[in-house]
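# Overview (structure and organization)
The residues making up each chain are set out below.
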Amino acid sequence: MHLLLVEDDDAIAEPLERGLEREGIAVTRVATGAGALAAAAGPGAATFDLVLLDLGLPDVDGLEVCRGIRAASGVPIIVVTARADEVDRVVGLELGADDYLTKPFGFRELLARVRAVLRRTTPVGRHGTPAPVALQAGSMTVDLRTREVTVGGRKVALTPKEFDLVAFLAEDPGRVFSRGEILEAVWDPHWYGPTRTLDAHVASLRRKLGAHRIETVRGVGFRLAGEDPA
Ligand code: CA
């Protein structure tokens with residue numbers, strides 16, 4: 001999986017690149033609209049599986065960049081915008097973007113969108129109904145598209161951060177994630193605050209999902225039980 005990241009702001013692009021690469025996604029980054037258009041039309045263009053395009057670029061209007069990439073290639077495009085009023089135009093047929101994110105967005109949200117777009121832009125699903133993007137751990141289902149969690153079919157109301165945390169752990173049930181990994185992925189790449197916040201969210205999730213679904217691994221971090229706790 002190879003992603004073309006078009007983002008002029010280093011403070012956003014650098015942690016994004018690191019996070020995506022940690023997820024096994026190779027990233028080529030360009031910082032200008034001209035760079036994006038050159039990459040999308042250049043000899044390496046066919047290697048891109050997805051373009052993540054910030055619309056606020058220093059040189060060329062991001063909407064023009066989107067249109068130009070679409071003219072050159074059928075590669076899926078997720079646009080990133082700080083302006084909610086741009087959304088209707090970019091996801092419409094006019095510009096041909098496949099999805100969008102509004103700033104500020106969390107890394108898990110981005111990853112869920114990336115995966116969802118890739119699933120539905122396979123030849124069969126292209127422009128069809130979005131495929132469900134759900135993670136399963138025992139009888140618990142985490143739907144990344146609707147951001148709903150159910151346990152045994154019963155919907156559990158979670159706060160946005162609680163959802164992000166359980167969705168992160170549910171990507172690999174049974175795997176132990178360190179506190180640092182969790183804080184970086186679910187909170188902020190530059191999180192240096194008290195880690196009590198993480199413990200508070202875990203405690204709250206245990207109240208809602210059951211006491212033993214999230215296990216503490218002493219001295220390391222947490223993991224989600226792959227099966228329903230006995
Ligand atoms: Ca920008």
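Residues numbered from 1 in each chain as written. Predicted model: local features only at pLDDT ≥ 70, side-chain atom pairs only at ≥ 80, totals over all residues. Heavy atoms only, no water.

### Looking at the overall build of the protein chain
For clarity, the cut-off: By the criteria applied, helices consist of DSSP H or I runs no shorter than four residues and strands consist of E runs no shorter than two, each listed in order from the N terminus. Using a 1.4 Å probe on the protein chains alone, a residue whose accessible area is under 20% of its type maximum counts as buried, one over 50% counts as exposed, and one in between counts as partly exposed. Here, residues are in contact when the closest pair of their heavy atoms is within 4.5 Å. All accessibility values rest on the Shrake-Rupley procedure with a 1.4 Å probe; residue burial counts only the protein chains present in the view.
Each helix and strand in the protein chain was counted, giving 8 helices and 12 strands. For the protein chain, the proportion of its 230 residues judged to be buried stands at 43%. For the protein chain, long-range pairs separated by at least 24 residues make up 56% of all intrachain contacts whose partners lie at least 6 apart in sequence. With an accessible surface of roughly 11000 Å², the protein chain has 54% of that area assigned to carbon and sulfur atoms.

### Overview of the coordination of the calcium ion
The following threshold applies: Here a donor is any nitrogen, oxygen or sulfur atom (N, O, S) within 2.8 Å of the metal, with 3.2 Å used for Na, K and Ca; water is not among the atoms considered, so some sites may look incomplete.
Looking at the calcium ion, the protein donor atoms are D8 (OD), D54 (OD) and G56 (O), and they sit 2.2 to 2.3 Å from it. For the calcium ion, the donor residues sit on a single chain with the sequence spacing D-x45-D-x1-G. Here D8 is found in the loop between β1 (2-6) and α1 (10-22), whereas its partner G56 is found in the loop between β3 (50-54) and α3 (62-72), with 48 residues between them in sequence. For D8, a relative accessible area of 32% puts it in the partly exposed group. G56 gets classed as partly exposed once you look at its relative accessible area, which sits at 46%.

### Some thoughts on the sheet that holds β1
Strand pairing in a sheet is mediated by backbone hydrogen bonds. Such pairs are either parallel or antiparallel. Defined as follows: A pair of strands is considered paired only if DSSP assigns at least 2 bridges between the two. The convention used is that axes are lines fitted to C-alpha atoms, helices contributing only their stretch in contact, and that angles between N-to-C directions extend from 0 to 180 degrees.
The 5 strands are arranged β2-β1-β3-β4-β5 in an open sheet whose pairing can be described as parallel. Of all the strands in the sheet, the pair left with one neighbour each is β2 (26-30) and β5 (99-102). Recorded for the sheet is a direction-independent mean angle of 20° between the axes of neighbouring strands. Note that β3 and strand β4 (residues 77-81) share 4 bridges and pair parallel. Note that in β4 the partner of L53 across the bridge is V79. Across the sheet, α1 touches β1, β2 and β3, and the angle it forms with β2 is around 165°.

### Side note on the packing of helix α6 (residues 160-170) against helix α8 (residues 196-209)
Packed helix pairs are specified by the crossing angle of their axes together with the interaxial distance, meaning the distance between the axes. Short version of the rule: Between 65 and 115 degrees an angle is taken as roughly perpendicular, under 35 as roughly parallel, over 145 as roughly antiparallel, and anywhere else as oblique. For this scheme, ten residues count as nonpolar: Ala, Val, Leu, Ile, Met, Phe, Trp, Tyr, Cys and Pro. Four count as charged, namely Asp, Glu, Lys and Arg, and the remainder, Gly too, count as polar.
It is at 10 Å that the axes of α6 and α8 come closest, and there the two elements cross at 85°. One way to sum up the angle between α6 and α8 is to call them roughly perpendicular. Contacts from K161, E162, L165 and V166 of α6 reach α8 at L198, H201, V202, S204, L205, K208 and L209. In the contact of α6 with α8, the residues fall into 6 nonpolar, 2 polar and 3 charged.

### Focus: the environment of R175
For the record, the criterion: Whenever a nitrogen or oxygen atom comes within 3.5 Å of another N or O atom, the pair is scored as a polar contact, on the condition that within protein one atom can donate a hydrogen and the other can accept it, and that pairs from neighbouring residues in sequence are kept only if both atoms are in side chains.
Note that R175 resides in the loop between α6 and β10 (177-178). Distance in space between the C-alpha atoms of R175 and L224 is 7.3 Å, their sequence separation being 49 residues. The residues contacting R175, other than those within four sequence positions of it, are E181, F222 and R223. Of note is the side chain of R175, whose polar atom sits 2.5 Å from the side chain of E181.

### Re the sheet that holds strand β8 (residues 148-151)
Across the sheet, 4 strands lie side by side as β6-β7-β8-β9; this open sheet has antiparallel pairing. Strand pairing shows two members of the sheet lacking a second neighbour, β6 (134-137) and β9 (154-156), which therefore form its edges. Each strand axis lies, on average, 25° off the axis of its neighbour in the sheet, ignoring direction. Helix-sheet contacts for α6 involve β6, β7 (140-143) and β8, and the interaxial angle to β7 is about 110°. Across the sheet, α8 lies against β7, β8 and β9, angled at about 160° from β9, the strand it touches most.

### Let's talk about α6
Among the 11 residues in α6, 9 count as buried, and that is most of the element. Taken residue by residue, α6 has E162, F163, D164, L165, V166, A167, F168, L169 and A170 as its buried positions.

### Comments concerning the pairing of strand β11 (residues 214-217)
In the sheet, β11 pairs with strand β12 (residues 221-224) via 4 bridges, with the strands oriented antiparallel. When the bridges of β12 are listed, E215 appears paired with R223.

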